[in-house]
Amino acid sequence: MAEKSEKIILLHQERKNAMAVPGLLEAPSGRVDDALGRPLHDLRISVTDRCNFRCVYCMPKEVFDKDYAYLPHNSLLSFEEITRVASIFIAHGVEKIRLTGGEPLLRKDLERLIGMLAALPTPSGRPLDLTLTTNGSLLARKARALKDAGLNRVTVSLDALDDAIFKRMNDVDFAVADVLRGIDVAHEVGLGPIKVNMVVKAGMNDAQILPMARYFKDTPYILRFIEYMDVGASNGWNMAEVIPSAEVVAKISAEMPLVAIDPNYTGETASRWRYADGSGEVGMISSVTQSFCKDCSRARLSTEGQLYTCLFATRGHDLRGLLRDGRSDAEIAGAVAHLWRQRADRYSDTRTQNTNTSDIEPGLKRVEMSYIGG
Ligand code: SF4
């Protein structure tokens, strides 16, 4: 009987782009702006490609099935490598680090990494804003240790309150009640303000918009509705399945009036709304219908040390190669600054219904969100 071969899914382009180290190294610190004047401010670090959910918009089960082969451990950046990279980015102005995955809480001893990152000083002297995005499946158990290690806040993905619809969205048998308990425990230990992200897909969970809004109103949690996006190359995205945020606002406001409020800071991904009766806040992340590339200050590091300058990128840049080639911090900082200065990504601003196929170079495809985090 033929040997069952492991299924290899191309999460990103095999052809890794070596990062150019400038001949003339500049001071490895200070603000760096990209080609559109956007500063390097946020770094999202994927600490694992593993996940215990199979959300249809990210890791659809039919693609990431039981034969799917996760990345070998020795290809992942070690905690020491991640911390070194983080310190180089912080020197160049990063003030916010978000840990993502896959599901980051699946990475063993994650608390140790959080402790190493939380100890990193910033040039401004302000504490690093250290956050994490999770599907909440392990949160109730781990919240205390994450907080004690130095994590500031968590964002929890929750696409429905109804167990059957929740299961339809993430394709695993996991109770909504356990995620809700994780959110409450995280709140109790001080990992707030907690944001709850709901990806809305027409025909799948849009009937949950009002139940979710009612549930999280009058709570300290900030519910954010995310427009379904054409991330990666596996989720079969179609514009017809996108519910524009304007419709979500109108639907909620008809029952629970909302008023628009100002962003917390430039580059915030969500537009903010407060209930007119003062009983809470919701957010809209509208990458498809109200794109926000003009202030995008986010870089993304994959769990294998590939650097991406956009969630919808088709090419990564091999930062791990520099780390493992024994390059100095100054050389790596120079390479990062050099790359960022050339950055002109604004995919969402230019997306149309046909962007899916037409604009991508033959042989290339968008990186999978499970590889670089949302
Ligand atoms: S599409 Fe790319 S450039 Fe635009 S906001 Fe998203 S990550 Fe930033």
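Computed from a predicted structure; not experimentally measured. (Residues numbered from 1 in each chain as written. Predicted model: local features only at pLDDT ≥ 70, side-chain atom pairs only at ≥ 80, totals over all residues. Heavy atoms only, no water.)

Run through the environment of His 187, naming residues and quoting values.
The topology assignment puts His 187 in helix α5 (residues 176–189). Sequence separation of His 187 and Asp 109 is 78 residues, and the distance between their C-alpha atoms is 22 Å. Those residues in contact with His 187 that lie beyond four places of it in its chain are Ile 194, Pro 220 and Tyr 221. (Helix = DSSP H or I, 4+ residues; strand = E, 2+ residues; numbered from the N terminus. Contact = heavy atoms within 4.5 Å.)

A description of unusual backbone geometry should follow, citing residues and the corresponding values.
Look at the link from Gly 101 to Gly 102: it is a cis peptide, with omega at 10°. Mapping Gly 102 onto the fold places it in the loop between β3 (96–100) and α2 (110–118). Cis geometry marks the peptide bond from Gly 192 to Pro 193, where omega comes out at 0°. By the secondary structure assignment, Pro 193 is in the loop between α5 and β6 (195–200). Look at Asp 109: it is not a glycine, yet its phi comes out positive at around 60°. Within the element layout of this structure, Asp 109 appears in the loop between β3 and α2. Here Asp 171, not a glycine, exhibits a phi torsion of approximately 55°, which is positive. As for its placement among the helices and strands, Asp 171 is situated in the loop between α4 (163–170) and α5. The class for Asp 171 is partly exposed, based on a relative accessible area of 21%. (Buried < 20%, exposed > 50% of the residue type's maximum accessible area, 1.4 Å probe, protein only.)

Outline the environment of Ser 29, supporting the account with residue identities and numerical values.
Relative to the helices and strands, Ser 29 is located in the loop between β1 (17–18) and β2 (42–46). Put simply, Ser 29 and Pro 121 are 92 residues apart on the chain and 13 Å apart in space, counted from C-alpha to C-alpha. With residues near it in sequence (within four places) discarded, Ser 29 still touches Ala 91 and His 92.

Describe the site of the ligand, naming the residues involved and giving the relevant values.
The environment of the ligand is made up of 13 residues, and the closest members are Cys 293, Cys 296, Cys 310, Leu 311 and Ser 348. Of all elements in the fold, only β11 (298–301) and α10 (347–350) reach the threshold of two or more residues within the shell around the ligand. Here the residues of the shell around the ligand are counted per class, giving seven nonpolar, one polar and five charged. (Near = heavy atom within 4 Å. Nonpolar A, V, L, I, M, F, W, Y, C, P; charged D, E, K, R; others polar.)

Can you lay out the confidence of the model for the chain for me, pointing to particular residues and giving the numbers?
With 93% of its residues at a pLDDT of at least 70, the chain reaches an overall mean of 92. A low-confidence stretch, residues 1–6 (pLDDT under 50), is modelled with four contacts involving residues beyond four sequence positions or located in other chains. (pLDDT = per-residue confidence, 0-100.)

Would you mind going over the nonpolar core in detail, with residue names and values included?
Grouped together as the largest cluster of nonpolar side chains are 115 residues, with contacts concentrated most on Phe 89, Ile 97, Phe 225, Ile 252 and Leu 319. Excluding residues within four positions of it along the chain, Phe 89 makes contact with Leu 40, Leu 43, Val 94, Ala 299, Leu 307, Leu 319 and Val 336. (Core = buried A, V, L, I, M, F, W, Y, C linked by side-chain atoms within 4.5 Å.)

Please set out the environment of Trp 340 residue by residue, giving values where relevant.
With respect to the helices and strands, Trp 340 occurs in helix α9 (residues 329–342). Judged by relative accessible area, which is 3%, Trp 340 ranks as buried. Along the sequence, Trp 340 and Ser 297 sit 43 residues apart, while their C-alpha atoms lie 10.0 Å from each other. Leave out the neighbours within four places in its chain, and Trp 340 touches Val 32, Asp 33, Asp 34, Ala 35, Arg 38, Pro 39, Leu 40, Ser 297, Arg 298, Ala 299 and Thr 309. A polar atom in the side chain of Trp 340 sits 3.1 Å from the backbone oxygen of Arg 38. (Polar contact = N/O pair within 3.5 Å; in protein donor to acceptor, adjacent residues only side chain to side chain.)

How would you summarise a negative patch on the surface if you had to cite specific residues and measurements?
On the surface, a cluster of negative charge is made up of Asp 162, Asp 163, Asp 173 and Asp 178. Mapped onto the elements, Asp 163 comes out in helix α4. (Patch = residues over 30% accessible without salt bridge, like charges linked within 9 Å, V, L, I, M, F, W, Y side chains within 5 Å. Areas by Shrake-Rupley, 256 points an atom, 1.4 Å probe, with all protein chains shown as cover. Salt bridge = Lys/Arg side-chain N within 4 Å of Asp/Glu carboxyl O. Lys, Arg positive; Asp, Glu negative; His and termini not counted. Charge placed at Lys NZ, Arg CZ, Asp CG, Glu CD.)

Explain the pattern of salt bridges to me, using residue names and the numbers behind them.
Applying the stated rule across the entire model yields 20 salt bridges. A network of salt bridges, in which partner residues are shared, links Asp 34, Arg 38, Arg 343 and Asp 345.

Describe helix α6 (residues 209–216), and please don't skip the residues or the numbers.
Of the positions making up α6, those classed as buried are Ile 209, Leu 210, Met 212, Ala 213 and Phe 216. One side of α6 carries all its buried residues, which in axial view fall inside an arc of 160°. Looking at the packing, one finds that the buried side of α6 touches α5, β6, β7 (222–227), α7 (245–255) and β9 (271–275). Among the residues trailing α6, Asp 218 stands out with phi positive, at a value near 60°. (Arc of directions from axis to C-beta.)

I'd like a rundown of the side chain of Ser 302, residues and numbers included.
Its place among the elements puts Ser 302 in the loop between β11 and β12 (306–308). A relative accessible area of 1% places Ser 302 in the buried class. Looking at Ser 302, its side chain comes within polar contact range of the side chain of Tyr 371, at 3.2 Å. Residue contacts for Ser 302: discarding those within four places in its chain leaves Ser 46, Leu 77, Tyr 308, Tyr 371 and Ile 372.

Can you lay out the packing of aromatic side chains for me, pointing to particular residues and giving the numbers?
According to the stated counting rule, one finds eight aromatic pairs in the structure shown. Aromatic pair Tyr 68 and Tyr 70: ring centres 4.9 Å apart, planes at 75°, arrangement edge-to-face. What makes Tyr 70 partly exposed here is its relative accessible area of 23%. Between Phe 216 and Tyr 221 the ring centres are 6.3 Å apart and the planes differ by 70°, which places this aromatic pair in the edge-to-face class. Owing to a relative accessible area of 8%, Tyr 221 belongs among the buried residues under this scheme. Among the aromatic residues, those joined into a cluster by ring pairs are Phe 53, Phe 166 and Phe 174. Taking the ring centre of Phe 312 as reference, the NZ or CZ of Arg 351 above it sits at 5.0 Å. (Phe/Tyr/Trp six-rings, centres within 6.5 Å; stacked < 30°, edge-to-face > 60°. Lys NZ or Arg CZ within 6 Å of the ring centre and 35° of its normal.)

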